[in-house]
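Spelled out from the first residue to the last, the chains are:
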Amino acid sequence: MNFKETTQNLLKELAPTIEKFTWKDWLWTISLSLVILWGMYALYLQIARGHEVTGMRDNVVWGLYVANFIFFIGISYAGAIISGILHLMNLEWRKPIIRIAELITVIATIIGPLYILLCMGRLDRLHYLFIYPRLQSPITWDVIAILTYLVGSVIFLYLTLIRDFSILSTQQLNIGLKRKRIYRFLSLGFKNTSEQKVLLKVSTNIMAIIIIPIAIVVHSVLSWIFGMTLRPGWHSTIFGPYFVLAAVYSGTGVMILAMYFFRRLYGLQRYITKKHFVYLGYIMIMLGAGYGYFTFSEYLTDWYSSEKWNTELIDKLFNWQEYGGLFFFANVAGILLPFIVIGIPKLRTIESITLVSALMVLAMWVKRYLIVVPTLETTLIPMQETRPEYIHYTATWLEWALTFAGIAAFILMFKLASKFIPIIPIWETSESIKKKTSAIDTNVDLKSVTHA
Amino acid sequence: MNKSRREFVKKGAVAGAITAAGVSAWLKDQGIKEAGEKVKLLSQDGQLIEVDKAFLKLHAQANSEILAKNTMGREGIPGRKFVMVVDLSKCNNARKCVTACQKMHYLPEDKEWLNVKLMKDNEQSAPYWFPKMCFHCDNPPCVKVCPVDATFKRADGLVLIDNQRCIGCKFCMAACPYSTRVFNWDEPDLSQEVKDLPYSPETSVPSQHGTVEKCDFCPDMVRKGKLPDCVTACPNGVFYFGDEIEDAVTNGDETVRLSELLRDRAGYRFMEDLGTKPRVYYLPPTGRMFPVERGFKDLTEEQKERYKDVNLD
Amino acid sequence: MVFATVMSFTGHAQVAAEASLTYNKLKDNNVLLRAVLTDAQESEPLANIELGFYSIQDTISTSLGKAISNEEGVAVLQGLSFESLLQKQDHTFIIAVEVLDENYQLTSREFTFSDVNMQLSFDEIDSVKQIVVTISTWDELGNLVPLEEADAYLYVPRMFSLLPIGDVYTDEEGQGMLEFPTDLPGDLNGGLEIIAQIEDHDEFGNVAVSESVNWGAPVTYETSKLPRALWSPDAPLWMWITFIVLMVGVWFHYGWVLINLRRIKYHSSDSELINYED
């Protein structure tokens, strides 16, 4: 079978997802939209009545919104590894999953900063960030870095889509003429001529190389919003690398989750195989080792120190009555569990890996919450406050509504994107299959070969 | 010092603030040309002073109009570096400073720009009352992190907030190690007259919802040669306010040289090692005027609750 | 009619009041009079009562002005020029205070004060800078007589108040000296204003004179422009350089890629099919 036939076969398999909008799709869209609407109502209340409707007060000035922000920017790093690093290493097995990775990056980078907007007291003055910026502020660095990262990720995603757009626009597909025209326009008339091939390859390489330092800068800059502030648990020198590592780690977790769901939903068992889960799992626990090491180093150092503000924070985190439970969960589910499940061969199944990834992602969210809130509750001077909402942060239903709305928006955008673009990159995957079979007789059944 | 002598000194003091030379310098700094012609002005305490006519014209246009210009709010009073000294040996938590500040800035009862903490440095040392306000640091961690230049450091030492620029990101609140800033979580409950007052970072009135605010050392009062309200409201003369350049601070009754006061009474700055270089000095609570329990005398139940974790032994 | 007459005689009794007066001669020769009006029996301050102030010389009485007492019973008349006070040859003068409200009875109180001649000068004796205060009064014939054993207090005006620098006690020649505090910050040229005051004197009241001298420490202050720093409006130069280098570096590559995309479009062939061959 030649390349063209492989491509057409793959396209045929993916066609249903692109051509039709089934009742299942409607169900997903409507239920997710309801969650988002609920969030919009909460947002309306927040704008109308002010931030008083949230749980934030003068001491804990940042709560769920900022934790969500860090979380989403963190998971956007899925694209950074799979697309960026693995591209440069040119590993074949990653090819079916790059689309999912890139989509995670772009969508998460769109949703994450929305939470910062929710946290601002005066949204009507958002443009001041652009007309009166102060270069010395980590927030300014963050705004610039995230914008740059978003643009870069979109360009990179687009580059990987060009060839698929050209396939979609020239092949037999039951989609409207208008849609075909859009695909044709987006494909830039790519016909895989020799010049076009070179141009695309060079461009993709450039973006793959440059997206890595950008990604590192983005999360470092975000970490420095905390790392450069005089607060216990924040003022730490390792925050830059710590956050970057945590981001890449949580990115792989979300990657595995996305892989599992699309595999189930669209019947992509042939292309996303156990190998993918296992290999990503390996990457995950390698990163987890690094992340665990950083975490251990961070808390051991703080626990060993005698400075009052550090010990006060550590007491809070280790105390079962306060944050001890969450802290335990974040570290056990976040670091230990993945190790055990992926490390022991018998436990290594697609389901168990996915489950442990889900727990890990949740644990990483809890970890972000633990970075933001307990520190703000530990003031350097005695609080001497009687109002309970000023002493201890409790998120209100509004903040939870908007959190779930953000997650729903993430999933919805993913779902809608998968309807418009093939969730498995047709060109790359076909290339990968062809390479595998090129040494083998062309009559071999496709199925047996793709089941690695 | 008997009352009439104190009164006389006070009167002489205020008059001295608005001297002809002072007005000349101020006009020059504002870039306003002197008319050359002098007029006699009656200062608030019956002092007859001669000032250039240009000042009178501006003055007539209403002080507030001049104050409302933001550029003036950012420039600072030339040739001054304001400083405050808090005498901890005299504080007995009368809270007159707190209420005076709230009254002046139209703050509700539960919003305190100036609050009084009960500090106990370690288990053996005695607790003492600690009035805390914005320290207007020379190396301010809050100004460093503001993304839109809404909070700024002036040449006269003050750190002010322009609540018409503030976007409410609250980074400055997280960055201040002394937790001195407060936020307007909802629309402030102000009368329409207060809402219509012309705003300037120097008056910090009216408060705007969704923005940060804090103690501002009352620069609008200071420009008129008056001491901030907390200084004059304190019945025990705890607060000393003045100018570091001319080396004098006063609490309304007593005027002393700043350098001598800090030297003789071992003035220190709170959490000096943070390197923020605060402009408020504290005089240690030795030789106290009142026992610490006196500070609980007129407190409400809620206020007493605040200090329940401090061991008074 | 009899009834009415009886009423006017025995009508509501007048409240007896007492007054005290402080006389202030300010440093530019203006006079401020401060009267405190209290109820004679209960010693409570009487508010909102109009008082009249008069300068009396033998039988001549000139009105100096009126003032209304505040909640603390204090009535202040200010802005009087010293020359408006009628004086005798020995430079004493009488000020009378009268209650202008008929519900109150105050025997028009008269207060006698003397003018005093206070001079401030500066001298350097044995290379030590001194402030010299010379106080004299006038005798019955109007000749200047030095005033000995008098206290005078010395101040330097600061922004909000007067900073006390010391006091003097005059000798037989009516002179007192105080060592000048040379490290006190003055203006740009080291100029300082010194105020000498006699305070709460029974005869002289409160008298102030002032003189300026260039013996203070000269003070220069920086211009308002704040330096480039983390906390000032202008970021340090190295920050700007780093930022520009990074931004240009990254966005240049974006631009390069976008140009390549255009070139891909340009190099498109008209064929319907894609060239799948390697």
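Below: a short report on this structure. (Residues numbered from 1 in each chain as written. Chains lettered and ligands numbered in written order. Predicted model: local features only at pLDDT ≥ 70, side-chain atom pairs only at ≥ 80, totals over all residues. Heavy atoms only, no water.)

1. Brief notes about helix α14 (residues 350–377) of chain A
All names here are of chain A.
Consideration 1: Taking 1.5 Å per residue, 28 residues should reach 40 Å; α14 reaches 40 Å between its end C-alpha atoms and fits that length.
Consideration 2: The sharpest bend along α14 comes to roughly 25 degrees, located at L370, with the proline P374 sitting one to four residues further on.
Consideration 3: Counting buried positions along α14 gives 23 out of 28 residues, so the element sits mostly inside the fold. (Helix = DSSP H or I, 4+ residues; strand = E, 2+ residues; numbered from the N terminus. Expected span 1.5 Å × (residues − 1). Bend = angle between axes of the 7 residues up to and from the residue. Buried < 20%, exposed > 50% of the residue type's maximum accessible area, 1.4 Å probe, protein only.)

2. Quick notes on the environment of K90 of chain B
Residues and elements named next belong to chain B.
Consideration 1: Its place among the elements puts K90 in the loop between β3 (82–87) and α6 (96–104).
Consideration 2: Taking the C-alpha atoms as reference points, K90 and F290, 200 residues apart in sequence, are found 7.1 Å from one another.
Consideration 3: In this view, K90 contacts N236, G237, V238, Y240, N251, E254, M289 and F290; residues no more than four positions away in its chain are not counted.
Consideration 4: In this structure the side chain of K90 is engaged in a polar contact, spanning 2.8 Å, whose partner is the side chain of Y240. (Contact = heavy atoms within 4.5 Å. Polar contact = N/O pair within 3.5 Å; in protein donor to acceptor, adjacent residues only side chain to side chain.)

3. Some thoughts on the interface of chain B and chain A
Consideration 1: The partner chain A presents 41 residues to the 46 residues of chain B that form the contact.
Consideration 2: Note on chain B versus chain A: buried area summed over both sides is about 3,600 Å², and carbon and sulfur give 57% of it.
Consideration 3: When residues of chain B are sorted by the area they lose upon contact with chain A, I167, F171 and W185 of chain B head the list and together hold 21% of the total.
Consideration 4: Along the contact surface separating chain B from chain A lie two salt bridges.
Consideration 5: Put simply, D149 of chain B and R134 of chain A hold a salt bridge, and the shortest N to O gap is 3.9 Å.
Consideration 6: For the side of chain B that touches chain A, the secondary-structure elements that each account for two or more residues are β4 (115–119), α7 (141–145), α8 (171–175), β8 (182–183) and α13 (301–306) of chain B. (Buried area = accessible area lost by both parts, 1.4 Å probe. Salt bridge = Lys/Arg side-chain N within 4 Å of Asp/Glu carboxyl O.)

4. Notes on the interface of chain C and chain A
A common way to express how large an interface is: the accessible area buried when the components associate.
Consideration 1: Facing 36 residues of chain C, the contacting portion of chain A comprises 40 residues.
Consideration 2: With both sides pooled, the region where chain C packs onto chain A buries about 3,200 Å², and carbon together with sulfur makes up 71% of that total.
Consideration 3: Here chain C is connected to chain A by zero salt bridges.
Consideration 4: Across the contact surface, chain C and chain A share ten residue pairs in polar contact (both at pLDDT 80 or more).
Consideration 5: The residue inventory of the side of chain C that touches chain A, partitioned by class, reads 21 nonpolar, nine polar and six charged. (Nonpolar A, V, L, I, M, F, W, Y, C, P; charged D, E, K, R; others polar.)

5. Comments concerning the pairing of strand β13 (residues 162–169) of chain C
Strand residues, when the strand is regular, have side chains that alternate between the two faces of the sheet.
Residue and element names in this part refer to chain C.
Consideration 1: Where strand β12 (residues 151–157) lies against β13, seven bridges are found, and the strand directions are antiparallel. Looking at the pairing, P157 lines up with L162 of β13.
Consideration 2: Joining the antiparallel neighbours β12 and β13 is a turn of four residues. (Pairing = 2+ DSSP bridges.)

6. As for the packing of helix α4 (residues 77–89) of chain A against helix α9 (residues 194–227) of chain A
All names here are of chain A.
Consideration 1: Viewed as axis vectors pointing N to C, α4 and α9 meet at an angle of 140 degrees, and their least axial separation amounts to 9 Å. Considered as vectors, α4 and α9 are oriented oblique to each other. Crossing hand, α4 versus α9: left-handed. Contact residues: α4 offers Y77, A80, G84, I85, H87 and L88, while α9 offers T204, N205, A208, I209, I211, I212, A215, I216, V218 and H219.
Consideration 2: In the contact of α4 with α9, the residues fall into eleven nonpolar, five polar and no charged. (Axes fitted to C-alpha atoms, helices over the stretch in contact; angles between N-to-C directions. Parallel < 35°, antiparallel > 145°, perpendicular 65-115°, else oblique. Left-handed = near helix turned anticlockwise from the far one by under 90°.)

7. Details of the packing of aromatic side chains
Residues and elements named next belong to chain B.
Consideration 1: Scanning the entire structure with this criterion turns up 66 aromatic pairs over all chains.
Consideration 2: Ring centres of F130 and Y282 lie 4.4 Å apart, and the angle between their planes is 20 degrees; this geometry places the pair in the stacked category. Taken together, the positions of F130 in strand β5 (residues 128–132) and Y282 in strand β13 (residues 280–283) put the pair 152 residues apart, joining distant regions of the chain. Residue F130 shares its accessibility class with Y282, and that shared class is buried.
Consideration 3: Their ring planes at 85 degrees and their centres at 6.0 Å tell us that F296 and Y307 sit as a pair that is edge-to-face. You can see F296 sitting in the loop between β13 and α13 and its partner Y307 sitting in the segment after α13, a full eleven residues away along the chain.
Consideration 4: The exposure class assigned to Y307 is buried, which follows from its relative accessible area of 4%. (Phe/Tyr/Trp six-rings, centres within 6.5 Å; stacked < 30°, edge-to-face > 60°.)

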